[in-house]
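# Reading the structure
Letter by letter, the chains look like this.
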Amino acid sequence: QVQLVESGGGLVQSGGSLRLSCTVPENIFRVNAMAWFRQAPGKQRELVASISIDDSPWYEGSMRGRVTIARDNVKNTVYLQMDNLKPEDTAVYYCNAVDSNSWGRGTQVTVFS
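The structure presented is a predicted model; accordingly, all values stated were derived computationally and were not measured. (Residues numbered from 1 in each chain as written. Predicted model: local features only at pLDDT ≥ 70, side-chain atom pairs only at ≥ 80, totals over all residues. Heavy atoms only, no water.)

### Notes on the overall build of the protein
Along its length, the protein carries 1 helix and 11 strands. Traced from its N-terminal end to its C-terminal end, the protein shows the element sequence β-β-β-α-β-β-β-β-β-β-β-β. At 13 Å, the protein has a C-alpha radius of gyration in line with the 13 Å of a compact globule built from 113 residues. Its C-alpha atoms put the protein at 40 × 25 × 20 Å along the principal axes. Counted over contacts in the protein with a minimum sequence separation of 6, partners at least 24 positions apart contribute 53%. Of the roughly 6,100 Å² of accessible surface on the protein, 48% is carried by carbon and sulfur atoms. When the 11 positive and 11 negative side-chain charges of the protein are each reduced to one mean point, those points stand 4 Å apart. (Helix = DSSP H or I, 4+ residues; strand = E, 2+ residues; numbered from the N terminus. Rg over C-alpha atoms; globule rule 2.2 N^0.38 Å. Contact = heavy atoms within 4.5 Å. Areas by Shrake-Rupley, 256 points an atom, 1.4 Å probe, with all protein chains shown as cover. Lys, Arg positive; Asp, Glu negative; His and termini not counted. Charge placed at Lys NZ, Arg CZ, Asp CG, Glu CD.)

### Considerations on the nonpolar core
By size, the foremost hydrophobic cluster in this structure holds 28 residues, and its most contacted members are Met34, Trp36, Val78, Leu80, Met82 and Tyr93. Counting residues per element, this core draws most heavily on strand β9 (residues 91-97), which supplies 4 residues. Tyr93 has contacts with Glu6, Leu20, Trp36, Phe37, Arg38, Val48, Met63, Leu80, Met82, Gly106, Thr107 and Val109, leaving out every residue within four places of it along the chain. (Core = buried A, V, L, I, M, F, W, Y, C linked by side-chain atoms within 4.5 Å. Buried < 20%, exposed > 50% of the residue type's maximum accessible area, 1.4 Å probe, protein only.)

### Some details on the environment of Gly8
Structurally, Gly8 is set in the loop between β1 (5-7) and β2 (10-13). The partly exposed category is assigned to Gly8, whose relative accessible area is 33%. For the pair Gly8 and Tyr93, spaced 85 residues apart in sequence, the C-alpha to C-alpha distance is 10.0 Å. Setting aside its immediate chain neighbours within four residues, Gly8 contacts Leu18, Arg19, Leu20 and Thr107.

### Observations regarding the side chain of Asn32
Within the secondary structure, Asn32 sits in the loop between α1 (26-29) and β4 (34-39). A polar side-chain atom of Asn32 sits 2.9 Å from the main-chain carbonyl oxygen of Ile28. Here Ser100 takes part through its backbone nitrogen, which lies 2.8 Å from a polar atom of the side chain of Asn32. For Asn32, the residues in contact, after removing those within four places along its chain, are Ile53, Arg71, Ala97, Val98, Asp99 and Ser100. (Polar contact = N/O pair within 3.5 Å; in protein donor to acceptor, adjacent residues only side chain to side chain.)

### Some points on the environment of Asp54
In this fold, Asp54 is placed in the loop between β5 (46-51) and β6 (57-59). Overall, the relative accessible area of 60% leaves Asp54 in the exposed class. Put simply, Asp54 and Leu18 are 36 residues apart on the chain and 25 Å apart in space, counted from C-alpha to C-alpha. For Asp54, the side chain forms a polar contact with the side chain of Ser52, separated by 2.3 Å.

Laid out in structure tokens, this is it:
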């Protein structure tokens, strides 16, 4: 069972920032594009951002312009910097190794106004 471990979630006021991290086993990290998804209560899981093996990012949806995805090929970690957070960003955020379709357990982000 591949283990992706997210961290960095928490409670933040509207307009604040958080940086999520996801550590990935090296053999998975080096051959996978990586992505961050989120799932709000009662809603489907949706893509937030992805990054290819050669560091090309892609941003999707309402968080475009407020998030930055990055990967550290030494630490086998993918990050999601989230700025200007809004209450509607409240969700569980999941890390995904795209090609192997492996998932972490998620980290809760709660934004209050």
